[in-house]
Every structure is written in C-alpha cells, then in structure tokens.
Amino acid sequence: MVKLHVGMQVLLSSANEMGTIRYLGTTDFAPGLWLGLELRRALGKNDGSVEGHRYFSCRPGYGVLVRPGRITYRGISGAKLVDEAS
C-alpha cells in the first residue's frame with residue numbers, strides 16, 4: 001500500500017489545488033500528524049513557518065499545514081495513507 005511521504009504530489013481537497021508534501025510530522029501548535037504542503041499557486045497561508053517555527057521552506061503564500069484527512073492521493077483520502085505508528 002502507498003504511504004504518504006515527502007515529495008509526493010497530492011490534492012488539497014478544500015482548495016482543489018495540487019501540492020507537494022514538504023513536511024510530514026508533528027508540530028508545536030497542535031498534537032498529531034501534520035502535512036506541510038507547497039501548493040502550485042499562492043493559495044496557502046505561510047512560507048513553511050508557523051508561529052516562528054520553520055517546518056519547511058517555500059515561497060510566501062504557497063505553504064499550508066494540514067491534517068492528512070484534508071488531502072487525497074489518486075482519489076484516496078490521506079487519512080488512509082498514513083502509517084499509524086508515526
């Protein structure tokens with residue numbers, strides 16, 4: 001089965017926008033697993049930095065941090081593509 005990984009192209013469902021996973025892990029601002037996406041268009045909220053912590057780097061306005069359930073990969077919810085142990 002496919003697992004989400006850095007460099008994977010995914011669809012951010014809410015914006016109907018393709019992005020590349022640049023970060024996969026935990027954050028300082030909320031518990032659980034988060035994905036850092038670099039979007040193809042400037043529809044994001046940051047440059048990979050949130051509240052002074054840099055998770056990844058991209059152009060300002062192209063980055064967003066989202067839960068795996070907010071993305072899809074080839075029609076499959078990202079929530080089904082994460083390794084539950086991580």
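Computed from a predicted model, the values in this text were never measured in an experiment.

Chemist: Summarise the overall build of the protein; cite the residues concerned and give the values.
Modeler: Counting secondary structure elements, the protein contains 0 helices and 8 strands. Taken over the C-alpha trace, the protein has a radius of gyration of 12 Å; the compact-globule value for 86 residues is 12 Å, and the two agree within 12%. Its C-alpha atoms give the protein principal-axis dimensions of about 35 × 25 × 20 Å. Per-residue burial for the protein yields a buried fraction of 42% across its 86 residues. Taking the intrachain contacts of the protein between residues at least 6 apart in sequence as the baseline, contacts between residues at least 24 apart amount to 41%. As displayed, the protein offers around 5000 Å² of accessible surface, 52% of which is attributable to carbon and sulfur atoms. Where the 11 positive side-chain charges of the protein centre and where its 7 negative ones centre are 8 Å apart.

Chemist: Quick one: what's the story with the pairing of strand β6 (residues 63–66), residue by residue and with numbers?
Modeler: Here β6 shows two buried faces, one formed by G63 and L65 and the other by V64 and V66. Strand direction decides the pairing type here: strand β3 (residues 34–39) and β6, joined by 4 bridges, are antiparallel. In the sheet register, E38 faces β6, and the bridge partner there is G63.

Chemist: Give me the pattern of salt bridges: which residues, what numbers.
Modeler: In total, this model carries 3 salt bridges according to the counting rule given. Note that E17 and R41 form a salt bridge whose closest N and O atoms lie 2.8 Å from each other. Residue E17 is located in strand β2 (residues 17–25), and its partner R41 is located in the loop between β3 and β4 (49–50); the two are separated by 24 residues in the primary sequence. In this structure, the salt-bridge partner of E38 is R22, at a minimum N-O distance of 2.7 Å. Taken as a pair, E38 in strand β3 and R22 in strand β2 lie far apart in primary sequence, 16 residues in all. Classification of R22 by relative accessible area gives partly exposed; the value is 36%.

Each value, and the rule that gives it
As a convention, each chain's residues are numbered from 1 in the sequence order in which they are written. Predicted model: local features are reported for residues with pLDDT of at least 70 only, side-chain atom pairs are reported and counted for 80 or more only, and whole-chain, interface and lining totals are derived from all residues. Hydrogens and waters are ignored; side-chain quantities use all the structure's heavy atoms. Only DSSP runs of H or I covering at least 4 residues are called helices, and only runs of E covering at least 2 are called strands; the numbering of each starts at the N terminus. In this setup the radius of gyration rests on C-alpha atoms only. A globule is expected at 2.2 Å times the number of residues raised to 0.38. With a 1.4 Å probe rolled over the protein chains alone, any residue whose accessible area is under 20% of its type maximum counts as buried; one over 50% counts as exposed, and the rest are partly exposed. Contacts were defined at the residue level, with two residues in contact if any of their heavy atoms lie within 4.5 Å. Note on areas: these come from Shrake-Rupley sampling with a 1.4 Å probe, and a residue is covered only by the protein chains present in the view. Charge counting treats Lys and Arg as positive and Asp and Glu as negative, with His and both chain ends excluded. Charged groups are reduced to one reference atom each: NZ for lysine, CZ for arginine, CG for aspartic acid, CD for glutamic acid. Pairing between two strands is assigned when DSSP locates at least 2 bridges connecting them. Salt bridge, as used here, is a side-chain nitrogen of Lys or Arg placed within 4 Å of a carboxyl oxygen of Asp or Glu.

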